Amino acid sequence: MTIITIWTCTTEGDNCGTETTVHATEGDAVEHVRDMMRNILKRKPRFAAAIESATAETIKGVWEDALDGPCIIEAQTVTLPPFAVAIYETRHGDETRLYASSDDARAWRNQIAGENWAARMDDEKPADPTEAADAYFERVGEMRGDFFRIEELEVSGSLALAAPPPDWRKIADDLAGALDSCTHQIGQMSGMFDDEDGTIAAAVEGADEATGAYRKAVAGLPVAPSRGDDVPRVCLASEVPGNWAGDWLSITKRGTSAHRSRDAAYCMLYQEHPELRTE
């Protein structure tokens, strides 16, 4: 017998009934809960950040706070019986099949005997399928060299689980942060290199647009409205309503983008409004 561990996930709450699902790993169960909350709470962006940052230890609490119901993720042990390997040997070649049980393998044996009895056997076929298969393979084994055998296959040792999927959110966050740092450094060196054709400026603008779009997508929020005026500026994220993925905002003619640092926010501002640069 082989003992394996599976993970069950039972959820219940507002706007959803009770559901129990089975997963190969704890991580799979957590991602299932995360996907459910993304779908159920897509019209409630205030929960977006908590959903995306939740871990195996905290996602139950996020579910309970948002949907007012239990979320239970727990390990279960399952005992598997030996598998059955059915081998059908003929003079034309062998065929091997894997079955969940010996009964299933014997059913294939009975099927072969039943389908070929009339063509190869002179005697009346017994009513019992197993008895008929015994008589059939005894006869064709002698006449044709056709044999059928069943062997048990027991999985031994530990099961090798697939490697966990990459944490693309963390990778993307790290890339966005590195890109912000690069564009900031390029902005610091503005004027030191010839950029007559605007290639460098265009590359920086594209990078800033990409990181800004990514962070808005992560937050699940549209560009925040201005405070009633259109004055380009840099300000703290706390000054503008919304759940921003950064501490500083750059408000420009193209919209509002969030940044991790004040320098990065000013870099974006000066890219869009070079006339505001004072140094």
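None of these values were measured; they are calculated from a predicted model. (Residues numbered from 1 in each chain as written. Predicted model: local features only at pLDDT ≥ 70, side-chain atom pairs only at ≥ 80, totals over all residues. Heavy atoms only, no water.)

A.B. asks: Please set out the packing of aromatic side chains residue by residue, giving values where relevant.
C.D. replies: Taken as a whole and judged by the stated rule, the model has eight aromatic pairs. Here the aromatic rings of Trp 108 and Phe 148 are separated by 5.3 Å at their centres, their planes lie at 70°, and the arrangement is edge-to-face. Linking Trp 108 in helix H4 (residues 102–120) with Phe 148 in strand S6 (residues 147–153), this pair joins segments that are 40 residues apart in sequence. We classify Phe 148 as buried; its relative accessible area is 12%. (Phe/Tyr/Trp six-rings, centres within 6.5 Å; stacked < 30°, edge-to-face > 60°. Helix = DSSP H or I, 4+ residues; strand = E, 2+ residues; numbered from the N terminus. Buried < 20%, exposed > 50% of the residue type's maximum accessible area, 1.4 Å probe, protein only.)

A.B. asks: So, the pattern of salt bridges: which residues are in play, and what are the values?
C.D. replies: Per the stated rule, a full pass over the model turns up 11 salt bridges. The partner of Glu 31 in a salt bridge is Arg 34, and the shortest N-O contact between them spans 3.0 Å. In this pair, Glu 31 and Arg 34 both sit in helix H1 (residues 26–40), three residues apart, roughly one turn of the helix. We note a salt bridge from Asp 35 to Arg 38, for which the minimum N-O separation is 2.7 Å. Remark: Arg 38 and Asp 35 occur in helix H1; sequence separation between them is three residues, near one turn of the helix. Residue Asp 35 is classed as partly exposed on the basis of its relative accessible area of 42%. Look at the salt bridges and you will find they share partners, linking Asp 35, Arg 38 and Glu 52 into a network. (Salt bridge = Lys/Arg side-chain N within 4 Å of Asp/Glu carboxyl O.)

A.B. asks: Describe the sheet that holds strand S4 (residues 83–90), listing the residues and the values that go with them.
C.D. replies: With antiparallel pairing, three strands are arranged side by side in an open sheet as S5-S4-S6. Bordering the open sheet on either side are strand S5 (93–99) and S6, each of which pairs with just one other strand. The average angle at which neighbouring strand axes cross in this sheet is 20°, direction not considered. Across seven bridges, the pairing between S4 and S5 is antiparallel. Opposite Glu 89, over in S5, you have Asp 94 as the bridge partner. Its contacts with the sheet place H4 against S4, S5 and S6, and it is angled at close to 175° to S6. (Pairing = 2+ DSSP bridges. Axes fitted to C-alpha atoms, helices over the stretch in contact; angles between N-to-C directions. Contact = heavy atoms within 4.5 Å.)

A.B. asks: I'd like a rundown of the sheet that holds strand S9 (residues 255–259), residues and numbers included.
C.D. replies: One open sheet holds the three strands; their spatial order is S7-S8-S9, and the pairing between them is antiparallel. Across the chains shown, the open sheet's two edge strands, defined by having one partner strand only, are strand S7 (233–236) and S9. Each strand axis lies, on average, 25° off the axis of its neighbour in the sheet, ignoring direction.

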